[in-house]
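Notes for the structure review
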Amino acid sequence: MQVSSLNEVKIYSLSAGRSLPEWLSDRKKRALQKRDVDIQRRIELIQDFDMPTVSTNLKVSRDGQYIMAAGTYKPRVRCFDTYQLSMKFERCLDSEVITFDILSDDYSKIVFLLCDRYVEFHSQHGRYYRTRIPKFGRDFSYHYPSCDLYFVGASSEVYRLNLEQGRYLNSLQTDASENHVCDINSAHGLFATGTIEGKVECWDPRTRNRVGVLDCALSSTMADKEVDRLPSISALKFDGALNMAVGTSTGQGKIFTSMEPEHDINDVCIYPNSGMLFTANEAPKMNIYYIPVLGPAPKWCSFLDSLTEELEENPETTVYDDYKFVTRKDLENLGLTHLIGSPLLRAYMHGFFMDIRLYHKVKTMVNPFAYEEYRKEKIRQKIEEARVQRVQLKKLPKVNKELALKLIEEGEEDLQNRRGKKQKKTPNILTDDRFKVMFENPDFQVDEKSEEFRLLNPLVSKISEKRKKKLVMLEQQETLREEEEEEQEGKPSDAESSETSDDEKGWVEEVRKQRRLLHQEEKVKRQERLKEDRQTVLKPQFFEIKAGEEFRSFKDTAQRQKLMKKTLGDRLQLEEKVGALSVHDTIVGSKQATFKLKKSEQQQKQQEAEKHHHQERRKLRRSASHLKSKKGRGRPFH
């Protein structure tokens, strides 16, 4: 349970702490509650007091037994029983709920205003009836004496639906373009509606006439505060017969206390005659707060009063406010190792807690020159800051030195251009860890002799000469001087600027020159390849044939190619001569062709082996003719 305080008003958050997922079994939940201390210490007033995704509205029945909550997704409404401290039922709807109201003392009569202009009436068993209003609604109120429902929304009219007659009555015409909220005073029945222009119009339901207009937008503005837009009425509620609370969209007013949950609040509902309130948030969990200053705890959770009284009587102080954590090494430096085991040191983890006053007292006694050390440290920091402002020696990486030098020069130029101007700082590759390997691994070295590099960077040859001179100079400075030295800053002369402008003008000529050089290099490479080919001598290669295979000459393939070039008729004639094809006339008068597929050598060998085997079996076979019985003797042999 978390406790916060503002303006000496304590707020107890009863829904703080870890929540268990719904899909866990009861056995796993009990096991987690035994192991986890945070789950053991949490207070769960109502079991599964949440929504699948988002909760939008909350209401409490007049008898105080049921809490109704609407949310998404899918659009649904849940009813929680405070006597059982659990969910009683759940119903799904066709569209999202804008607002709803409980007309009976329990949950037997409920009215829902949906986002698609439908109004649904629910009873105990479920949906009873649904109808539609002409414009999109935003709020409604029920007038018990006349059984009229007053709907306000994106229209200047206030629609009246009589539940006794079951029909719409004449609407009330307001002076506003749109109405946001409405409420009916339970004492005398006065109907009030809040408009988008920041006015509150009050109507008498008996005569259906306007009895007064209150301009809240004008009275809410103050001289010392600027208002960006016209404050519209966003909340409206009667308190007794004479008092009325009005909230504006700008949120101006005097703060009594405040609470800020992790997610945005969609609705707030106060439990009647108590200090407990519920909030519907942009999150699955619905928050529960208890403020003892507003009133006592409800009767179904009266134990909260005794619990909060005990917390107020015994306030917990944070250990770290009055104690200093020290390790064993710190105690040796302070000379306090003899205090280990005494009440002055409390063992905790890998060290001890000691009184902060004792720690400061011993520290001043052990180190009387602490101020001098502090002064020296401050002087050293100032010197370091002054050194940073100087021009420091550039330390170049081992790989891609020219690229690093180019990036450093561009960074210095960018820094000079941004002086006195509010511009965004451009990121530098040298300080970025993602490109760190590019200046450490030799595999990422830029090949300046490649064709792509020379064509994309035609002027790099002239610029690289200057950088190479600068690189040599920097390497000499690094090897000769180990300490930091100042370098003379200098700006490029007019000759250099004119030279760069000439380079920009002759960009096309430089590209052509690089291409000519590339063509010449390719020509030289081709000639070298031709020389190597002429010098090479072709030697015959021999291959060994595997066992069981025959060598076939290349004549077979040549004959096959010649055969494929001939016509179908010529091929048929050749196959008839060989015996692979036989053509003869049939009785009907047509021709019949029979093909004999050419067998492979392996199949021919297998066929010959089978023929040889059958011949051997015939030789070994014995005749059974002598087993025949003579006529008339015995039974015939079968």
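Here is a short report on the structure shown in this document. (Residues numbered from 1 in each chain as written. Predicted model: local features only at pLDDT ≥ 70, side-chain atom pairs only at ≥ 80, totals over all residues. Heavy atoms only, no water.)

1. Quick notes on the overall build of the protein chain
Applied cut-off: For helices the rule is a DSSP run of H or I covering at least 4 residues; for strands it is a run of E covering at least 2, with both sets numbered from the N terminus onward. Summary of the burial criterion: residues with accessible area below 20% of their type's maximum are buried, those above 50% are exposed, and those between are partly exposed, where the area comes from a 1.4 Å probe applied to protein chains only. In this description, contact between two residues means that some pair of their heavy atoms is separated by no more than 4.5 Å. All accessibility values rest on the Shrake-Rupley procedure with a 1.4 Å probe; residue burial counts only the protein chains present in the view.
Secondary structure assignment for the protein chain yields 16 helices and 28 strands. Every one of the 638 residues in the protein chain was classed for burial, and the buried ones make up 29%. Partitioning the contacts of the protein chain with sequence separation of at least 6, the portion at a separation of at least 24 is 45%. Element-wise, carbon and sulfur atoms account for 50% of the exposed surface of the protein chain, whose accessible area totals about 47800 Å².

2. As for the pattern of salt bridges
Let me state the cut-off plainly: Here a salt bridge means any side-chain nitrogen of Lys or Arg lying within 4 Å of a carboxyl oxygen belonging to Asp or Glu.
The full count for this structure, using the stated rule, is 15 salt bridges. With a closest N to O distance of 3.2 Å, R127 and D94 form a salt bridge. One end of the pair, R127, is in strand β10 (residues 127-132); the other, D94, is in the loop between β6 (86-92) and β7 (97-102), and 33 residues separate them in sequence. Ionic pairing is found between R380 and E377, a salt bridge with its closest N-O pair at 2.6 Å. Here the residue R380 and the residue E377 both occupy positions in helix α8 (residues 370-389), the gap between them amounting to three residues, near one helical turn.

3. What about the pairing of strand β26 (residues 351-355)?
Applicable threshold: For two strands to count as paired, DSSP must find a minimum of two bridges between them.
Most of β26 sits out of view: four of its five residues are buried. Sheet analysis places strand β25 (residues 345-348) next to β26, joined by four bridges and oriented antiparallel. For A347, the partnering residue across the bridge sits in β26 and is F352.

4. Topic: the sheet that holds β6
What counts, and what does not: Throughout, an axis means a line fitted to C-alpha atoms (over the contacting stretch in the case of helices), and angles, computed between N-to-C directions, take values from 0 to 180 degrees.
Read from one edge to the other, the open sheet built from four strands follows the order β3-β4-β5-β6, with strand pairing classed as antiparallel. Two strands lie at the open edges of the sheet, namely β3 (54-60) and β6, each paired on one side alone. On average, each strand axis in the sheet is inclined to that of its neighbour by 20°, with strand direction left out of account. Where strand β5 (residues 76-81) and β6 come together, six bridges link them in antiparallel fashion. Considered in β6, the bridge of F80 is made with M87.

5. Topic: the side chain of S104
What counts, and what does not: For the purposes of these results, a polar contact is taken to be a pair of N or O atoms within 3.5 Å, where, inside protein, one atom must be able to donate a hydrogen and its partner to accept one; residues adjacent in sequence count only when each atom of the pair is a side-chain atom.
If you trace the backbone, S104 turns up in the loop between β7 and β8 (110-114). A polar contact is formed between the side chain of S104 and the backbone nitrogen of K109, at a distance of 3.1 Å. The contacts of S104, once residues within four sequence positions are left out, are R62 and K109.

6. A look at a positive patch on the surface
Note the following rule: Patch membership requires more than 30% relative accessible area and the absence of a salt bridge. Residues of like charge join within 9 Å; the nonpolar side chains Val, Leu, Ile, Met, Phe, Trp and Tyr join within 5 Å. Charge assignment in this entry is limited to Lys and Arg as positive and Asp and Glu as negative, and neither His nor the chain termini are counted. Charged groups are reduced to one reference atom each: NZ for lysine, CZ for arginine, CG for aspartic acid, CD for glutamic acid.
Together, K523, K525, R526 and R529 give the surface a local cluster of positive charge. As for its position among the elements, K523 is in helix α13 (residues 507-535).

7. Concerning the packing of aromatic side chains
The cut-off we apply is this: Aromatic rings from Phe, Tyr and Trp, with only the six-membered ring used for Trp, were paired whenever their centres fell within 6.5 Å, and each pair was classed as stacked if the ring planes differed by under 30 degrees, edge-to-face if by over 60, and tilted otherwise. A ring is considered to have a charge above it if a Lys NZ or an Arg CZ atom is located within 6 Å of its centre and within 35 degrees of its normal.
By the definition in use, this model includes 10 aromatic pairs. Between the aromatic rings of F89 and Y107, the centroid separation amounts to 5.1 Å while the plane-to-plane angle is 50°, which identifies the pairing as tilted. In this pair, F89 is assigned in strand β6 and Y107 in the loop between β7 and β8, connecting sequence segments 18 residues apart. Like F89, the residue Y107 is buried in the burial classification. For the ring pair Y150 and F191, a centre distance of 4.7 Å and an interplane angle of 25° mean the geometry is stacked. With Y150 in strand β12 (residues 148-153) and F191 in strand β16 (residues 191-195), this residue pair connects regions lying 41 residues apart in the sequence. Both residues of the pair, Y150 and F191, belong to the buried class. Through successive ring pairs, a cluster of aromatic residues spans F49, F80 and F278. Directly above the aromatic system of F136 lies the positively charged group of R117, at a separation of 5.7 Å from the ring centroid. Between the NZ or CZ atom of R130 and the centre of the ring of Y118, over which it lies, the distance is 3.8 Å.

8. Observations concerning a negative patch on the surface
A cluster of acidic residues, D447, E448, E451, E452 and E522, forms a negative patch on the protein surface. By secondary structure assignment, the location of E522 is in helix α13.

9. Regarding the nonpolar core
Looking at soluble globular proteins, one finds that nonpolar side chains tend to be buried together. We apply this condition: Side-chain atoms within 4.5 Å are what join buried Ala, Val, Leu, Ile, Met, Phe, Trp, Tyr and Cys residues into a set we call a nonpolar core.
Formed by 23 residues in total, the largest nonpolar core has its most connected members in L45, F49, L58, M276 and F278. Among the elements that make up this core, the one with the highest residue count is strand β22 (residues 276-281) (three residues). By size, the runner-up hydrophobic cluster in this structure holds 14 residues, among which are Y66, A70, V77 and Y107.

10. Let's talk about the pairing of β8
Summarising burial for β8: five of the five residues are buried, a large majority. Residue alternation in β8 divides its side chains into two sets, I110, F112 and L114 and V111 and L113, and both sets are buried. Bridge analysis of β7 against β8 gives five bridges, and the strand direction is antiparallel. The partner of T99 across the bridge, within β8, is L113. The pairing of β8 with strand β9 (residues 118-122) spans four bridges and is antiparallel. Looking at the pairing, F112 lines up with E120 of β9. Following β8, the chain reverses through three residues before pairing antiparallel with β9; R117 in that reversal takes a positive phi of roughly 75°.

11. A few points about unusual backbone geometry
Here T72 and Y73 are connected by a cis peptide whose omega angle stands at -15°. Take Y73: it is sitting in the loop between β4 (66-72) and β5. One non-glycine residue with positive phi stands out, namely R208, at about 55°. Taking relative accessible area as the criterion, R208 reaches 43% and is therefore assigned partly exposed. Phi at N273 takes a positive value of approximately 60°, unusual for a residue other than glycine.

12. Considerations on the sheet that holds β26
Taken in spatial order, the three strands line up as β24-β26-β25 in an open sheet, and their pairing is antiparallel. Edge positions in the open sheet fall to β24 (323-327) and β25, since each of these has one partner strand only. Taking the axes of each pair of neighbouring strands and ignoring which way they run, one obtains an average angle of 35° across the sheet. The sheet strands contacting helix α7 (residues 356-366) are β24 and β26, and the helix crosses β26 at an angle near 90°.

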